[in-house]
Amino acid sequence: MSTTTEQAGLAAAATGECGACDDRSASSPDETPETPRERLNRQWNEILQETRVAQTGVQILFGFLLSVAFTPLFHDLSTFDHAVYVITVISGATATACLIAPVSIHRFLSGQRMKNEVMEVAHRLMMCGMLLMAVTIGCTLLLILHVVVPGLMAKLLVTGVMLWFALSWYALPLWLRRRSARRATP
């Protein structure tokens, strides 16, 4: 790493700025700007990496959920718990579908020169899949906590966790995007 790059990194860290997610093509003078094709390829690689992380999490959770119905204590659960379980399994299945869909779309459309369209659809599917994954996690927590901590406390704990998801997965990125847009506007 060059001294100029290190100094720029230290200056950014000192001011709380991060250039890693910056979509502006030339954030420092010693970087070569990306062509639109290079940018699209980079974004596609990034979305594939993000998909791998999200897929793994939702697939492990979904596998766990599928096994729950075959345990002896499952039949002793209340109607409420069975309803939460059904919602949880359905949201887990649809999250899995959304998070795997970009791979299928890419396989079908590879070589068709449709990367812009594929990227846009993959982005939307990822956002939908992340929302469904949060719902799945929230419902899983509700199912577990409703059995372990009966009553209102389980619902309050799940509400707190879901608020944290909303803040860290949605509010924080949107706030950072708005902050970056304000900084870019003279």
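Residues numbered from 1 in each chain as written. Predicted model: local features only at pLDDT ≥ 70, side-chain atom pairs only at ≥ 80, totals over all residues. Heavy atoms only, no water.

## Regarding helix α3 (residues 79-109)
So the rule is basically this: The helix count covers DSSP runs of H or I at least four residues long, the strand count covers runs of E at least two residues long, and both are numbered beginning at the N terminus. Helices are assigned an expected span. That span is 1.5 Å times one less than the residue count. Two axes enter the definition of the bend at a residue: one is fitted to the seven residues ending there, the other to the seven starting there, and the bend is the angle between them.
Spanning 31 residues, α3 covers 44 Å between terminal C-alpha atoms, matching the ideal 45 Å at 1.5 Å per step. The largest bend along α3 reaches roughly 40 degrees and is located at Ile100, with the proline Pro102 sitting one to four residues downstream. Count one or two residues on from α3 and you reach Gly111, which has phi positive near 85 degrees.

## Some points on the pattern of salt bridges
Short version of the rule: Take a side-chain nitrogen of Lys or Arg and a carboxyl oxygen of Asp or Glu: if they are within 4 Å of each other, that pair is a salt bridge. For every residue, the accessible area (1.4 Å probe, protein chains only) is compared with the maximum for its type, and the residue is labelled buried under 20%, exposed over 50%, or partly exposed between those bounds.
Using the criterion set out here, one finds three salt bridges in the structure. Residue Arg42 is joined to Glu34 by a salt bridge in which the shortest nitrogen-to-oxygen separation is 2.6 Å. A relative accessible area of 26% means that Glu34 is categorised as partly exposed. Three or more residues joined by partner-sharing salt bridges are found here, namely Glu34, Arg42 and Glu46.

## Describing the environment of Thr159
Inclusion rule: By the criterion applied in these results, polar contacts are pairs of N or O atoms within 3.5 Å in which, for protein atoms, one can donate a hydrogen and the other can accept it, and in which residues neighboring in sequence qualify only through two side-chain atoms.
Considering the arrangement of structural elements, one finds Thr159 in helix α5 (residues 152-184). Taking relative accessible area as the criterion, Thr159 reaches 44% and is therefore assigned partly exposed. There is a polar contact of 2.7 Å between the side chain of Thr159 and the backbone oxygen of Lys155.

## Side note on the packing of aromatic side chains
Which entries qualify depends on this criterion: For this analysis, a ring pair means two rings from Phe, Tyr or Trp (six-membered ring only for Trp) whose centres lie within 6.5 Å, classed as stacked if their planes differ by under 30 degrees, edge-to-face if by over 60, and tilted for the remaining angles. Either the NZ atom of lysine or the CZ atom of arginine qualifies as a charge over a ring when it sits within 6 Å of the ring centre and within 35 degrees of the ring normal.
The final tally for this structure, using the stated rule, is two aromatic pairs. Plain terms: the ring middles of Phe74 and Tyr85 are 4.9 Å apart, the flat faces sit at 65 degrees to each other, and that makes the pair edge-to-face. Residue Phe74 is located in the loop between α2 (36-68) and α3, and its partner Tyr85 is located in helix α3; the two are separated by 11 residues in the primary sequence. Exposure class is identical for Phe74 and Tyr85. Each is buried. Plain terms: the ring middles of Phe165 and Trp169 are 4.7 Å apart, the flat faces sit at 75 degrees to each other, and that makes the pair edge-to-face. Here Phe165 pairs with Trp169, and both are found in helix α5, just four residues apart, close to one helical turn. Classification of Phe165 by relative accessible area gives buried; the value is 14%. By relative accessible area, Trp169 is classed as partly exposed at 26%. Above the ring of Phe80, the side-chain terminus of Lys155 is found at 5.1 Å from the ring centroid.

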